[in-house]
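For reference, the chains in residue letters:
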Amino acid sequence: MSASYIKAAIPEPHVILGRKLRPFCIGHYLILSRFDCAYVSETSANASREDLIFAVLVCSMRPKDFMAFVEDDGAEKAVKDWGKKVGVFDFKEKSDAFQNYLAEHSQMPAFWIEQDGQRSGAHWTQSVLLCLTSQLGYTREEAEEMPLTQAFHDYLKHAENNGAVRLMTPEELEATNGVTA
């Protein structure tokens, strides 16, 4: 088993603003996107203090637990109490730490395209979730909550098994200096 897959399946933990973050997953991405959080914006957006606090809160919980939390009557008070506990902090430092967390938890394995097919109009999250659930046997909850980098590894290995891509060997990756097409 490759070291990159092991790291993808069990990523390094991160603590930001006093909260231990769970491995970033598709479920987190979907929630952050739904609430227009700048950290996952597909257009250029500047993150605010509120974006950071929201993103840390989301990523410190399982997606389904966060959704249950926001429906709870005491959620607003709990967030305010946590905000008071966090107090003043260096936004740039913590924002950089969160961006590093996202980058580390969103790495795709390097691959070569073997078959050029028609480009899909589906969002990448839909493609990955559909493959994980319909082709690889994960439940929707398992697919939404697995570390995103592991989801990418499983998705691309399935694509490799079907001849669409070929995962790079460590030697190929070194020869390309980590630059992929």
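Scroll up to find the structure this text is about.
A few points on the structure. (Residues numbered from 1 in each chain as written. Predicted model: local features only at pLDDT ≥ 70, side-chain atom pairs only at ≥ 80, totals over all residues. Heavy atoms only, no water.)

## Let's talk about the packing of aromatic side chains
Any aromatic ring pair is given by two values, namely how distant the centres are and how the planes are angled relative to each other. Quick note on the threshold: Here the aromatic set is Phe, Tyr and Trp, taking the six-membered ring for Trp, and pairing holds for ring centres within 6.5 Å; pairs whose planes are under 30 degrees apart are stacked, those over 60 apart are edge-to-face, and all others are tilted. Under the DSSP-based scheme used, a helix requires at least four consecutive residues in state H or I and a strand at least two consecutive residues in state E, with every element numbered from the N terminus.
Considering all chains together, one arrives at 8 aromatic pairs under this definition. With a centroid separation of 6.1 Å and 80° between ring planes, the pair formed by Phe 24 and Tyr 101 is classed as edge-to-face. Here Phe 24, found in the loop between strand S2 (19-21) and helix H2 (26-34), pairs with Tyr 101, found in helix H6 (residues 91-104); they are 77 residues apart in sequence, far enough to count as distant. With a centroid separation of 5.5 Å and an interplanar angle of 65°, the aromatic rings of Phe 35 and Phe 54 are classed as edge-to-face. Here Phe 35, found in the loop between H2 and helix H3 (49-59), pairs with Phe 54, found in helix H3; they are 19 residues apart in sequence, far enough to count as distant.

## Considerations on the nonpolar core
In plain terms, the rule: Buried Ala, Val, Leu, Ile, Met, Phe, Trp, Tyr and Cys residues form a nonpolar core when they are joined through side-chain atoms within 4.5 Å. Each residue gets one of three labels from its accessible area relative to the maximum for its type: buried under 20%, exposed over 50%, partly exposed in between, using a 1.4 Å probe on protein chains only.
Among the nonpolar cores identified, the biggest contains 36 residues, and Leu 17, Phe 24, Leu 32, Val 56 and Phe 98 are the most heavily contacted of them. Of all the elements in the fold, those that place two or more residues in this core are H2, H3, helix H4 (63-71), helix H5 (75-86), H6, helix H7 (124-135) and helix H9 (148-161).

## Concerning the pattern of salt bridges
Counted only if it meets this: Salt bridges are counted wherever a side-chain nitrogen of Lys or Arg sits within 4 Å of a carboxyl oxygen of Asp or Glu.
A complete count under the given rule lists 11 salt bridges for this structure. Where Arg 62 meets Glu 145, a salt bridge forms, and the shortest distance between an N and an O atom there is 2.9 Å. Taken together, the residues span a long stretch of sequence, with Arg 62 in the loop between H3 and H4 and Glu 145 in helix H8 (residues 140-145) at a distance of 83 residues. In this structure, Glu 172 and Arg 166 form a salt bridge, with 2.8 Å as the shortest nitrogen-oxygen distance. Here Arg 166 falls in the partly exposed class, since its relative accessible area comes to 30%.

## Side note on a nonpolar patch on the surface
The following threshold applies: Surface patches are defined over residues having more than 30% relative accessible area and no salt bridge, joining like charges when they lie within 9 Å and nonpolar side chains (Val, Leu, Ile, Met, Phe, Trp, Tyr) when within 5 Å. Surface accessibility in these figures is a Shrake-Rupley result with a 1.4 Å probe; residues are shielded only by whichever protein chains are displayed.
Nonpolar side chains collect at one region of the surface, where Phe 35, Met 67 and Val 70 lie side by side and expose about 240 Å² of accessible area between them. Summarising the element assignment, Val 70 is placed in helix H4. Taking relative accessible area as the criterion, Val 70 reaches 34% and is therefore assigned partly exposed.

## Overview of the side chain of His 158
Relative to the helices and strands, His 158 is located in helix H9. When its relative accessible area of 18% is taken as the criterion, His 158 is described as buried.

## Re the side chain of Glu 144
Heads up, the condition is: Two N or O atoms form a polar contact when they lie within 3.5 Å of each other; inside protein one atom must be a possible hydrogen donor and the other a possible acceptor, and for residues adjacent in sequence the pair counts only when both atoms belong to side chains. Two residues form a contact once any of their heavy atoms are found within 4.5 Å.
Here Glu 144 lies in helix H8. Engagement of the side chain of Glu 144 in a polar contact is seen with the side chain of Arg 140, the distance being 2.7 Å. Filtering out sequence-adjacent residues up to four positions away, Glu 144 remains in contact with Cys 25, Ile 26, Gly 27, Leu 30, Pro 63 and Leu 129.

Interpretation in functional terms is not warranted from these geometric data alone.
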